[in-house]
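The lines below spell out each chain.
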Amino acid sequence: MGQAQTTTPAHLEIINPSGEIHFYPLQPGRSVRLGQRPENELVLNSPGIAPFHLMLDYHPPVYRLLLLTSLEETRLNGQLLRPHSTTELRPLDLINVGDYSLILLPLQSEVDSPAATPPINPSPVPPGCADPIGISLSSHHAWVEVGQTATYHATLTNNTASQVTAWVSVDGVDPAWLTIAPSPVNLEPGEQAPVTLTITPPPLPTSSAGSHALVVTVTSSDYPGWRGSQEALLIIKPCYDFALSDLTPKQQHLARFLQSGQTAITLTNKSNCPALFELSGVDEAKVCHFEFQLPEETVSLVATAELRLPAGQTTSIPIRITPPSRPWIRPGRCSYPYTLTVTLLDGRPTSRSVSGQVSSAPLIGPWLITLIIFCLVALAGLGAQLLVEQTWLRPVFLSLVTPTPSPLPYRPTATATSTPNTPPVATPALTYEEIFQKVALQYGLDWRMLAELAYRESRMNPFAVGRDSDMGLMQIVPATWNEWAPKVGVSDPFDPYSNVLVAGAYLDYLRSYCRARGYYDTQWILVGYNWGPDNLGRIFEGGGGWEQVPEKQRYYALNIVTGTGIYRTELTQKALTLP
């Protein structure tokens with residue numbers, strides 16, 4: 001019987017999104033944290049990775065993995081990991097974190113001889129011969145792009161004193177990708193023979209990018225129950241592509257009292273890995289308003305939107321298009337040709353566009369104009385006819401001299417003293433950034449925190465309405481608005497400055513509420529904003545701490561406080577200039 005190998009993982013192989021490989025040594029008895037924040041021992045910068053994402057705990061011979069987040073997907077050998085659960089790892093286990101692939105590699109090998117049940121009618125293995133057939137690989141790693149071929153060269157050695165027939169197989173890869181030549185192999189005593197293994201992943205999303213653990217196995221009918229093996233890695237490089245459908249519908253004719261129209265496109269990620277897409281819309285006159293309703297988003301995203309799609313997934317994206325206010329009178333419809341563009345941001349940026357058209361009818365169109373003119377002409381004709389009839393029937397005996405009317409008595413007119421209306425002073429238009437800075441200065445807050453809060457709540461959409469009737473930029477619930485709007489002297493929740501002013505006053509109140517109870521950290525204020533002061537009060541009264549705050553509210557607050565939220569992206573920087 002062959003002897004089984006047990007390995008002890010001691011290195012972490014890290015494959016970044018561009019395909020580069022790095023190795024991180026693992027120290028026994030020490031834990032390693034992975035995430036985007038610089039406080040982690042291993043910093044991974046990629047979409048889909050939380051600030052503190054994973055923890056690896058190594059106490060020989062046991063290696064454990066703890067998932068610290070529930071906001072992002074993490075897979076172990078293709079299977080989703082459960083948040084806040086511990087999983088025991090084995091050598092060559094593959095961990096997919098965002099766009100990174102992590103592989104546990106052995107440091108040393110120890111040969112054990114476990115007691116095994118003898119195979120049925122086994123052929124005797126010659127004395128002193130550990131394996132009747134030896135197998136070795138010239139290389140254990142291979143890189144390949146989809147549609148290309150990776151080649152492994154194996155050498156078989158007959159260690160016995162008789163002729164043997166050997167078969168080679170490979171586990172861990174789709175058999176349709178694999179070619180083994182020659183197979184089987186006949187070996188004379190002491191003879192060596194080469195076997196070539198070729199793997200060609202097809203250009204399909206099923207050819208997942210990243211590392212795939214392979215096991216190359218040799219068996220022989222001359223020695224039933226025996227098998228020898230070697231481990232290898234196949235690393236498939238990312239390949240990016242996508243398909244974009246035409247608009248449905250392509251042309252929209254808005255009825256007289258409809259303000260906007262809706263169309264949709266279908267986007268398919270044909271890449272072999274998750275990919276990030278940007279969607280944008282513009283019309284020729286640059287006067288239309290575009291809103292994108294992405295899956296799992298509670299509010300529409302204005303002007304541009306970003307969407308991450310898993311490999312092979314197809315999604316339909318509704319798009320609302322609002323033309324400018326229609327004119328009162330116009331001979332024909334107002335037409336606005338527009339273009340929707342989808343850009344693949346990963347890999348080499350690629351853009352594809354589709355065109356459409358939306359048209360709106362004026363409030364008074366050609367038919368109504370014709371009807372009005374006809375009515376005016378008819379009234380004019382009727383008036384002329386009545387005038388002629390009145391003149392013709394006037395009695396001839398009427399006096400031709402019109403008596404002079406008596407003058408009316410003079411009555412002086414009372415003159416009221418009035419002050420001419422003073423035109424209101426025009427308030428200069430403010431950008432979002434100026435609004436946040438002005439309110440922050442008034443209440444002693446960080447204006448960047450206000451901007452991050454607005455982006456996370458409404459994606460900078462001043463007309464957003466949430467599922468609980470949350471209103472405006474800062475998504476203020478009606479009860480909070482009704483309480484605080486009179487105190488700061490505003491009345492329109494969809495006016496950006498008024499909405500941010502109420503939010504600033506409310507945050508200032510929450511800060512005083514928390515500090516009066518001995519809680520000074522900013523994240524407590526943000527938890528109160530998202531969760532409500534009553535829930536905070538129950539924690540404060542019991543002398544509770546941060547661990548008693550639900551995970552959703554913890555990450556909500558920490559992402560804003562630590563500056564790791566969406567505010568730092570280019571999209572938010574653009575949105576700050578679009579009040």
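Anything mentioned here points back to the structure above.
Remember, predicted model here, so these are calculated numbers, not experimental data.

Definitions and limits used
Residues numbered from 1 in each chain as written. Predicted model: local features only at pLDDT ≥ 70, side-chain atom pairs only at ≥ 80, totals over all residues. Heavy atoms only, no water. Phe/Tyr/Trp six-rings, centres within 6.5 Å; stacked < 30°, edge-to-face > 60°. Helix = DSSP H or I, 4+ residues; strand = E, 2+ residues; numbered from the N terminus. Buried < 20%, exposed > 50% of the residue type's maximum accessible area, 1.4 Å probe, protein only. Lys NZ or Arg CZ within 6 Å of the ring centre and 35° of its normal. Core = buried A, V, L, I, M, F, W, Y, C linked by side-chain atoms within 4.5 Å. Contact = heavy atoms within 4.5 Å. Pairing = 2+ DSSP bridges. Axes fitted to C-alpha atoms, helices over the stretch in contact; angles between N-to-C directions. Salt bridge = Lys/Arg side-chain N within 4 Å of Asp/Glu carboxyl O.

Chemist: Before we go on, may I ask you to explain the packing of aromatic side chains in this structure?
Modeler: Two descriptors summarise a pair of aromatic rings, namely the distance from one centre to the other and the angle between the planes of the rings. As enumerated under the stated definition, the model contains 13 aromatic pairs in all. Considering the side-chain rings of tyrosine 506 and tyrosine 509, the 6.2 Å spacing of their centres and the 20 degrees angle between planes classify their relative orientation as stacked. You can see tyrosine 506 and its partner tyrosine 509 sitting in helix H5 (residues 496–515), 3 residues apart, about one turn around the helix. Between tyrosine 519 and tryptophan 524, the aromatic rings sit 5.0 Å apart at their centres with planes inclined by 70 degrees, giving edge-to-face as the arrangement. Here the two residues tyrosine 519 and tryptophan 524 agree in accessibility, since each one is buried. The ring of phenylalanine 242 has arginine 352 lying over it, and the distance from NZ or CZ to the ring centre is 4.4 Å. The positively charged end of arginine 517 is found above the aromatic ring belonging to tyrosine 513, 3.8 Å away from the centroid.

Chemist: Help me understand the nonpolar core, please; the structure alone is not making it clear to me.
Modeler: Buried together is how nonpolar side chains tend to be arranged in soluble globular proteins. Phe436, Met474, Leu507 and Tyr529 are the most contacted members of the largest nonpolar core, which has 46 residues in total. Taken together, the elements giving at least two residues each to this core come down to helix H2 (432–443), helix H3 (447–458), helix H4 (478–488), H5, helix H6 (522–531), helix H7 (533–541) and helix H8 (551–561). At 10 residues, the largest contribution of residues to this core is made by H5. Contact partners of tyrosine 529, with chain neighbours within four places excluded, come to Leu453, Glu457, Met474, Ile476, Ala503, Tyr506, Leu507, Leu510 and Tyr556. With 31 residues, the next largest nonpolar core counts Val173, Leu187, Ala193 and Ile199 among its residues.

Chemist: Hey, could you run me through the sheet that holds strand E27 (residues 304–309) in this one?
Modeler: Sheet strands line up and pair through hydrogen bonds in the backbone, either parallel or antiparallel. Here 5 strands make up an open sheet; going across it, the order is E22-E30-E29-E24-E27 and the pairing mixed. Because the sheet does not close on itself, it has two edges, and the strands there are strand E22 (251–254) and E27. Direction aside, neighbouring strands of the sheet carry axes that sit 25 degrees apart on average. In the sheet, strand E24 (residues 275–283) pairs with E27 via 6 bridges, with the strands oriented antiparallel. By the bridge assignment for E27, leucine 279 is matched with alanine 305.

Chemist: What should I look at first to understand the pattern of salt bridges in this one?
Modeler: A side chain of one charge can pair with a side chain of the opposite charge if their charged atoms are brought near each other. In this structure the tally under the stated criterion is 9 salt bridges. A salt bridge links arginine 37 to glutamate 39; its shortest N-O distance comes to 3.2 Å. Here glutamate 39 falls in the partly exposed class, since its relative accessible area comes to 41%. For glutamate 73, the salt bridge is made with arginine 75, and the minimal N-O distance between the two is 3.7 Å.

Chemist: What is the right way to read the sheet that holds strand E9 (residues 86–88) from this model?
Modeler: Taking strand neighbours across the sheet as the criterion, the 5 strands line up as E4-E3-E5-E6-E9 in an open arrangement whose pairing is mixed. Two strands close off the open sheet at either side, each with one partner strand: strand E4 (42–43) and E9. Here 2 bridges tie strand E3 (residues 31–35) to E4, and the two strands are oriented parallel to one another. Bridge pairing in E4 links leucine 34 to leucine 42.

Chemist: What exactly am I supposed to notice about H8 here?
Modeler: Because the α-helix completes a turn every 3.6 residues, residues three or four places apart line up on one side. Looking at H8, one finds that the buried residues are Glu551, Gln553, Tyr555, Tyr556, Ala557, Asn559 and Ile560. At its buried positions, H8 is contacted by H3 and H6.

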